Amino acid sequence: LVVFGLSALLISWLSDRRKRAEAALRQARDELEARVHERTAEFTRTNERLQEEIAERTRAQEEREQLLAREQAAHAEAVAAQHRFRDLVNSIEGIVWEADAQTFQFLFVSQQAERILGYPVERWVSGLAFWREHIHPDDRAWAVELCVTATAEKRDHDFEYRMLAADGRSVWLRNLVTVVVEQDHVTRLRGVMVDITAHRRAEAALRERAN
């Protein structure tokens, strides 16, 4: 009986230990599964954030490339437009020019200037008093005064006078001047000088025949 009783106690103790071990194992397994699930969810969220960041960077890169392409296209169009404008200006039978309204120094002169008067364009834009110095002495005073007065009055003007060419010839020019006013201040003068020497000679010949 004693042996039987001890055996029963042993079996009960072993059964209890086994149950506690199984419970501990289940708890450990449940905790492990919970941690695995939590880490998996965290990895999933991290991966989603990374994918979103990659997608955002890809979109930003595509936008930068598109912007760069548009800027390059706009620059190419601007250069082409500038070339077209230059070709158009240089094809006009007259000297297209722009000057500072205060000093009358030329800021731009078309290539026709060299053909009509013989001076390189660089001479026109480098000299502060190029225009005054190359007006015919008989026309210099009144021509300069007319231009100064009209500019001060912010009035466009049109007048005819002679300039001295590089080879010493007197060339009659008709100068059509536009006064550029910005915020009530005269800033630029723009115009076209047209060679009317042949017209003037024809008029003189007609007067001589009439006389």
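For the structure, check the block above.
Nothing here was measured: the structure is a model prediction, and the numbers come from that model. (Residues numbered from 1 in each chain as written. Predicted model: local features only at pLDDT ≥ 70, side-chain atom pairs only at ≥ 80, totals over all residues. Heavy atoms only, no water.)

**Student:** Tell me about the overall build of the protein chain, residues and numbers included.
**Tutor:** When helices and strands are counted, the protein chain shows 6 helices and 5 strands. Counting helices and strands in the order they occur from the N terminus, the protein chain gives α-β-β-α-α-α-α-β-β-β-α. Its C-alpha atoms give the protein chain a radius of gyration of 47 Å, clearly above 17 Å, the size a compact globule of 211 residues would have. With the principal axes as the frame, the protein chain shows a C-alpha extent of 170 × 30 × 25 Å. For the protein chain, with 211 residues in total, the buried portion stands at 23%. Nonlocal contacts in the protein chain, meaning residues at least 24 apart in sequence, comprise 41% of its contacts between residues at least 6 apart. Accessible area for the protein chain stands at about 15000 Å²; split by element, carbon and sulfur atoms hold 56% of it. Looking at charge distribution, the protein chain has the averaged site of its 31 positive side-chain charges lying 6 Å from that of its 36 negative ones. (Helix = DSSP H or I, 4+ residues; strand = E, 2+ residues; numbered from the N terminus. Rg over C-alpha atoms; globule rule 2.2 N^0.38 Å. Buried < 20%, exposed > 50% of the residue type's maximum accessible area, 1.4 Å probe, protein only. Contact = heavy atoms within 4.5 Å. Areas by Shrake-Rupley, 256 points an atom, 1.4 Å probe, with all protein chains shown as cover. Lys, Arg positive; Asp, Glu negative; His and termini not counted. Charge placed at Lys NZ, Arg CZ, Asp CG, Glu CD.)

**Student:** So what's going on with the side chain of H157? Residues and values would help.
**Tutor:** Among the structural elements, H157 can be located in strand β3 (residues 157–164). On the basis of relative accessible area, H157 is assigned to the buried category, the value being 6%. Residues in contact with H157, not counting those within four places in the same chain, are L146, C147, A150, T151, N175, L176, V177 and V179.

**Student:** Give me unusual backbone geometry: which residues, what numbers.
**Tutor:** We note that K154 has phi near 55°; this positive angle belongs to a residue other than glycine. Looking at the element boundaries, K154 is found in the loop between α5 (137–152) and β3. Residue classification places K154 among the partly exposed residues on the basis of a relative accessible area of 36%. One non-glycine residue, D184, lies in the positive phi region at around 70°. As for its position among the elements, D184 is in the loop between β4 (170–182) and β5 (185–195). Given the relative accessible area of 56%, D184 is considered exposed.

**Student:** Tell me about a nonpolar patch on the surface, and please be specific about residues and values.
**Tutor:** Taken together, the side chains of L10, W13 and L14 define a hydrophobic patch exposed on the protein surface, amounting to about 310 Å² of accessible area. In this fold, L10 is placed in helix α1 (residues 2–91). Residue L10 is classed as partly exposed on the basis of its relative accessible area of 47%. (Patch = residues over 30% accessible without salt bridge, like charges linked within 9 Å, V, L, I, M, F, W, Y side chains within 5 Å. Salt bridge = Lys/Arg side-chain N within 4 Å of Asp/Glu carboxyl O.)

**Student:** Please set out the pairing of β3 residue by residue, giving values where relevant.
**Tutor:** Strand direction decides the pairing type here: β3 and β4, joined by 8 bridges, are antiparallel. Note that in β4 the partner of M163 across the bridge is V171. Hairpin connection, β3 to β4: the antiparallel pair is bridged by 5 residues, and G168 has positive phi, about 95°. (Pairing = 2+ DSSP bridges.)

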